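Take a look at the letters that make up each chain.
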Amino acid sequence: MTTTAALPGAHARTGKVFYPTSDGKPMAETDKHRDQGVYVIETLKARYADQPDVYISGNNFVFFVEGDPARRISPDAYVVFGVPMRQRDSYKAWDEGGKLPDVVFEITSRKTQKEDLEKKHPLYEQVLRVPEYFRFDPTGDYLKPRLQCHRLANGAYQTLTPVNGRIYSEQLGLELVMEGETFRFFDPDTNAFLLSPAELAQRVEAMEDENARLRQELEALRRRSDS
């Protein structure tokens, strides 16, 4: 895991500065885009739930120059190591020891494909120095292949594409695995896919139902043996 240092040249300006929390734009273009973004954020939150110094968020503003609210970006999802996991209206790098995202995810759509490539890609690479930048196209209309990783090496992004439908994230220690029109996180250490909170809840409910069924069967056996 790497941590990005504070940006050179960041400066404070005199007077009160307003940092907006919204630009009025919708968070996702389609259900597919929204669901994939939610899966990334919520599944990674569950993975790092016992590590209070890993911040995971998305669709909020990341401000990276104090005093200049125009210097901002809003990733679909991102991870910052070494920063407390707590609620924030926005992420201000200077309030977090200069730490910037270590991993960024963008869910590419018709409306965002140009911005993801022409604006966000050079910003993540040259200014924020994000070690890993993942782009994913749920529809397969704008990215070939639809899952791509841009990894910072020697000051520039090297583009990695899936091998057998998988890309390994050095920052997360996880594999991103294509499953139909989505991708899922796979943990090589446990040899298992990560479950989202919704999937975990379903699994717990299924286990509780099975336990209730077994208790009923056991009680029926006892009644028969007593009769």
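Bear in mind the structure is a predicted one, so any value in this text is a computation, not a measurement.

Q: Describe the packing of aromatic side chains, naming the residues involved and giving the relevant values.
A: Tallied over the full model, the rule gives 16 aromatic pairs. Ring centres of tyrosine 19 and tryptophan 94 lie 5.3 Å apart, and the angle between their planes is 45°; this geometry places the pair in the tilted category. Here tryptophan 94 lies in the loop between strand S5 (91-92) and strand S6 (103-107) and tyrosine 19 lies in the segment before helix H1 (31-47), a separation of 75 residues in the sequence. Under the relative-accessibility criterion, tyrosine 19 is labelled buried at 15%. Ring geometry for tyrosine 55 versus tyrosine 78: centroids 6.0 Å apart, planes at 70°, classification edge-to-face. Here tyrosine 55, found in strand S1 (residues 54-57), pairs with tyrosine 78, found in strand S4 (residues 77-81); they are 23 residues apart in sequence, far enough to count as distant. Neither tyrosine 55 nor tyrosine 78 differs from the other in exposure class; each is buried. Put simply, the rings of Tyr39, Phe105, Phe134, Phe136, Phe183 and Phe185 pair up and form one aromatic cluster.

Q: Pulling in residues and values, what's your account of H1?
A: With 17 residues, H1 ought to run about 24 Å at 1.5 Å a step, and its terminal C-alpha atoms sit 24 Å apart, in line with that. Within the sequence span of H1, burial applies to His33, Gln36, Gly37, Tyr39, Val40, Ile41, Thr43 and Leu44.

Thresholds applied
- Residues numbered from 1 in each chain as written.
- Predicted model: local features only at pLDDT ≥ 70, side-chain atom pairs only at ≥ 80, totals over all residues.
- Heavy atoms only, no water.
- Phe/Tyr/Trp six-rings, centres within 6.5 Å; stacked < 30°, edge-to-face > 60°.
- Helix = DSSP H or I, 4+ residues; strand = E, 2+ residues; numbered from the N terminus.
- Buried < 20%, exposed > 50% of the residue type's maximum accessible area, 1.4 Å probe, protein only.
- Expected span 1.5 Å × (residues − 1).

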